[in-house]
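Residue-level structural notes
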Amino acid sequence: MLTTTLNLADKYNYLEDKFIKAFEFLRNTDLEKLPVGRTEISGDDIFANVQEYVTMPAESCKYEAHDKYFDIQYVVRGMEQFGYVSREGLEIDTPYDEENDLIFYKDPEHGGSVLLSEGDFAIVPPEDAHKPRCIEKEPCNVKKIVVKVRL
């Protein structure tokens, strides 16, 4: 899933070499065998964070965003509700951490989500915040690969 505004439609090339390399990694790697933690793909330009967790109630999760990287959030196993909203106008909960390229926001008055199941992915550009790890109907074990693609 990729959503954006028409104003941003030409800002990024989602078929540039870095994205092609990221999707080749997802297609050609035995993702079930990857250990939790960072997996190198192409140095700091493209790498994967392998995560395993149990989904939580949405009120226990926070919206987050990144300034230096796109996220390609790919579900290997399980399912989760994945919150998604524009960063514009969001209230900061935890200030930006430059070392980890991470900022947290308070829940907005209006936001949406999409159900991500095994084999699904969402591309999150820096202009958007996302709220991963949310329960669909009941807690679920999830294995997810978050491929980070540098701007």
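See the structure shown above.
The present account deals with the structure reproduced in this document. (Residues numbered from 1 in each chain as written. Predicted model: local features only at pLDDT ≥ 70, side-chain atom pairs only at ≥ 80, totals over all residues. Heavy atoms only, no water.)

Quick word on the pattern of salt bridges
This structure, assessed with the given rule, holds 14 salt bridges. Lys-68 serves as the salt-bridge partner of Glu-98, at 3.8 Å between the closest nitrogen and oxygen. Separated by 30 residues along the polypeptide, Glu-98 in the loop between strand E6 (92-97) and strand E7 (102-105) and Lys-68 in the loop between strand E3 (63-65) and strand E4 (69-77) bring together distant segments of the chain. The network of salt bridges with shared partners includes Glu-32, Glu-52, Arg-77 and Lys-143. (Salt bridge = Lys/Arg side-chain N within 4 Å of Asp/Glu carboxyl O. Helix = DSSP H or I, 4+ residues; strand = E, 2+ residues; numbered from the N terminus.)

Details of the nonpolar core
For soluble globular proteins, the rule of thumb is that nonpolar side chains tend to be buried together. Phe-25, Leu-26, Leu-31, Ile-72, Ile-145 and Val-147 are the most contacted members of the largest nonpolar core, which has 19 residues in total. Of all the secondary-structure elements, those providing two or more residues to this core are helix H1 (17-28), strand E2 (46-54), E4 and strand E11 (141-150). It is H1 that contributes the most residues to this core, five residues altogether. Excluding its chain neighbours within four sequence positions, the residues that come into contact with Leu-31 are Phe-25, Leu-26, Tyr-74, Val-76, Lys-143 and Ile-145. Core analysis: the next-biggest nonpolar cluster, separate from the first, contains seven residues, Val-85, Ile-103, Tyr-105 and Ala-129 among them. (Core = buried A, V, L, I, M, F, W, Y, C linked by side-chain atoms within 4.5 Å. Buried < 20%, exposed > 50% of the residue type's maximum accessible area, 1.4 Å probe, protein only. Contact = heavy atoms within 4.5 Å.)

Things to note about the environment of Ser-86
Residue position: Ser-86 is located in strand E5 (residues 79-86). Judged by its relative accessible area of 35%, Ser-86 falls in the partly exposed class. Distance from Ser-86 to Ser-113, taken between C-alpha atoms, is 12 Å for residues 27 residues apart in sequence. Setting aside chain neighbours within four positions, we find Ser-86 in contact with Glu-127, Asp-128 and Ala-129. Within the local environment of Ser-86, its side chain forms a polar contact with the backbone nitrogen of Glu-88, the two atoms lying 3.2 Å apart. (Polar contact = N/O pair within 3.5 Å; in protein donor to acceptor, adjacent residues only side chain to side chain.)

A few points about unusual backbone geometry
Not every positive phi belongs to a glycine, and Asp-101 is a case in point at roughly 50 degrees. Within the fold, Asp-101 resides in the loop between E6 and E7. With phi around 75 degrees, Arg-133 is a residue other than glycine that occupies positive phi space. Tracing the chain through its elements places Arg-133 in strand E10 (residues 128-134).

Looking at the packing of aromatic side chains
For the structure on display, the rule yields three aromatic pairs. Taken together, a centroid distance of 5.1 Å and an interplanar angle of 80 degrees make the contact between Phe-19 and Phe-70 edge-to-face. Here Phe-19 is found in helix H1, whereas its partner Phe-70 is found in strand E4, with 51 residues between them in sequence. Comparing Phe-19 with Phe-70, the two get one shared label, buried. Ring geometry for Phe-23 and Phe-121: centres 5.2 Å apart, planes at 55 degrees, overall tilted. Residue Phe-23 is found in helix H1, and its partner Phe-121 is found in strand E9 (residues 121-124); the two are separated by 98 residues along the sequence. Against the face of Phe-104 rests Lys-62, its NZ or CZ located 6.0 Å from the ring centre. (Phe/Tyr/Trp six-rings, centres within 6.5 Å; stacked < 30°, edge-to-face > 60°. Lys NZ or Arg CZ within 6 Å of the ring centre and 35° of its normal.)

Description of H1
In an α-helix, one turn spans 3.6 residues, which is why side chains three or four residues apart end up on the same side. End to end, H1 covers 16 Å across twelve residues, agreeing with the expected 16 Å (1.5 Å per residue, within 8%). Within H1, the full set of buried residues consists of Lys-18, Phe-19, Ala-22, Phe-23, Phe-25 and Leu-26. On an axial view of H1, the arc spanned by its buried residues comes to 150 degrees, and they lie on one face. Exposed residues pointing more than 90 degrees away from the buried face of H1 are listed as Asp-17, Arg-27 and Asn-28. Residues of H1 that are buried sit in contact with strand E1 (37-42), E2, E4, E9 and E11. (Expected span 1.5 Å × (residues − 1). Arc of directions from axis to C-beta.)

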